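Analysis of the macromolecular model
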Amino acid sequence: MIKFIPDYSLAESNSFHIQARCLYYFEFSNPQELPMFLRAFKYDRRMWPVFILGGGCNVLFVSDFKGLVIHSAVRGVRKTAEDAAHVWLEVGAGEDWDTFVQYTIEHGYGGIENLSAIPGKVGAAPVQNIGAYGREAGQYVTSVNGFDIDTSRFEEYSAPKCAFGYRTSIFKNRLADRFVINTVTFRLDKKPDFALDYKDVRQETDALGGPTLQNIRTAIIAIRRRKLPDISTVGSAGSFFMNPTVSEEHAAQLRNKAPDIPLFRSGDKYKVAAAWLIEQCGWKGFRDGDTGTHPSHALALVNYGSATGAQIWELALKIQRSVVERFNIHLQPEVEVIGLG
Ligand code: EPU
């Protein structure tokens, strides 16, 4: 089934609930419908830009999008292979991520339980390699199938070709705005190997009676509910910036200035908690009109009602500047900022 709508409102298609429109919106549920549509529409990249939208949970529209928005609503969860230790599941890009996580737990398949309660669609999981509490989606992805608008071909990317990194992949870089994901195949463990390195997760799981897939899920849902905005009631895209990495030398300078700074070793560098940097600059719980940062997590920017994308972006820039001034660290957005001109 397809939907093709000119002058479409994206307000319900982004978790910031920004009132933005696009020139054309195209949604399909059968992978063959996309090339058929592009041929019939005589789509040419020089006419309009394309934006590939998943659940809209990691995007900020700072203005209307003067182009074609494509949304893959391919559904289904299909077991494609199984051996003694693993199961392979091919999942439609349009499936809700957390409903899929719930499904894996109900079937006793381990791997992505720590990624419970992350909003968005399955198709977006490999794009920004979603991660939380010591696990990343990319560790469990074996291949990604989709349609490349530039070559007009269906392609399969095996995991090594996906170039997964911290909140990044080939789909966010070389293939951005051209590769429309239709299905993602995950390899999950029949004998779960739990990741309980995060103190909060371990404590909360122990309080529930010890590690099981369901207890980890319950614990993580509770932790996220306490810390992060509930996007069913408030506009947000979770973490707005990525956690930056700094050199050993810079880390030592930071520790001299602020001995309690949360620093995490990452290869020969250090990862710094962006939320901490932002909180130190006085932004936690800040509110100006309908824009602000969440009172329980400084890294989550919030639209409290009718903020515009430009107003949220203005706040992001102010935060960015103050972190540069105080710590000499340039925070990079984690959300995709669309329409900066
Ligand atoms: N912290 C503060 N102030 C705050 C919030 C946190 O100082 O307002 C400190 C905490 O005390 C902790 C550190 O910052 O020492 C890290 O905080 P947290 O554990 O909440 O994780 P995070 O690094 O802020 C990342 C991901 C989240 C993911 C969590 C859990 C990024 C950009 N964000 O957040 O992902 O849920 O870890 O693993 O990597 C998302 O991407 O949208 C997202 C929510």
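Treat the numbers as computed from the prediction; the structure is a model and nothing was measured.

With that settled, the discussion passes to the environment of Asn328. Relative to the helices and strands, Asn328 is located in the loop between helix H9 (309–327) and strand S20 (336–338). The spatial distance from the C-alpha of Asn328 to the C-alpha of His250 is 9.2 Å, given a sequence separation of 78 residues. Aside from chain neighbours lying at most four places away, what touches Asn328 is His250 and Val323.

Our focus in this paragraph is the pairing of strand S6 (residues 77–82). Of the strand pairs in this sheet, S6 and strand S7 (residues 86–92) are connected by five bridges, and their pairing is antiparallel. Bridge pairing in S7 places Arg78 opposite Glu90.

Turning our attention to the packing of aromatic side chains. Under the defined criterion, the tally for this structure stands at 25 aromatic pairs. Between the aromatic rings of Phe26 and Phe28, the centroid separation amounts to 6.0 Å while the plane-to-plane angle is 20°, which identifies the pairing as stacked. Residue Phe26 is classed as buried on the basis of its relative accessible area, which comes to 0%. With a centroid separation of 5.8 Å and 35° between ring planes, the pair formed by Phe41 and Trp48 is classed as tilted. Judged by its relative accessible area of 22%, Trp48 is partly exposed. In this structure an aromatic cluster arises from ring pairing among Phe4, Tyr24, Phe26, Phe28, Phe37, Phe41 and Trp48.

Each domain of the protein was delimited in the assignment, giving domain 1 (2–72), domain 2 (77–199) and domain 3 (235–338). Between the C-alpha centres of domain 1 and domain 3 the distance comes to 29 Å. With 13 residues of domain 1 at the contact, the number on the domain 3 side is 18 residues. Counting each side, the surface lost to burial between domain 1 and domain 3 is near 1,300 Å², with a carbon and sulfur contribution of 62%. Three residues stand out in domain 1 for area buried against domain 3, namely Phe16, Asn58 and Leu60, and they jointly supply 50% of the buried area on that side. Inspection of the domain 1/domain 3 interface yields zero salt bridges. Across the contact surface, domain 1 and domain 3 share seven residue pairs in polar contact (both at pLDDT 80 or more). Counting residues per element, the side of domain 1 that touches domain 3 draws most heavily on strand S4 (residues 59–61), which supplies three residues. Here the residues of the side of domain 1 that touches domain 3 sort into nine nonpolar, four polar and no charged.

Basis of the calculations
Residues numbered from 1 in each chain as written. Predicted model: local features only at pLDDT ≥ 70, side-chain atom pairs only at ≥ 80, totals over all residues. Heavy atoms only, no water. Helix = DSSP H or I, 4+ residues; strand = E, 2+ residues; numbered from the N terminus. Contact = heavy atoms within 4.5 Å. Pairing = 2+ DSSP bridges. Phe/Tyr/Trp six-rings, centres within 6.5 Å; stacked < 30°, edge-to-face > 60°. Buried < 20%, exposed > 50% of the residue type's maximum accessible area, 1.4 Å probe, protein only. Domains from an automatic or database assignment. Buried area = accessible area lost by both parts, 1.4 Å probe. Salt bridge = Lys/Arg side-chain N within 4 Å of Asp/Glu carboxyl O. Polar contact = N/O pair within 3.5 Å; in protein donor to acceptor, adjacent residues only side chain to side chain. Nonpolar A, V, L, I, M, F, W, Y, C, P; charged D, E, K, R; others polar.

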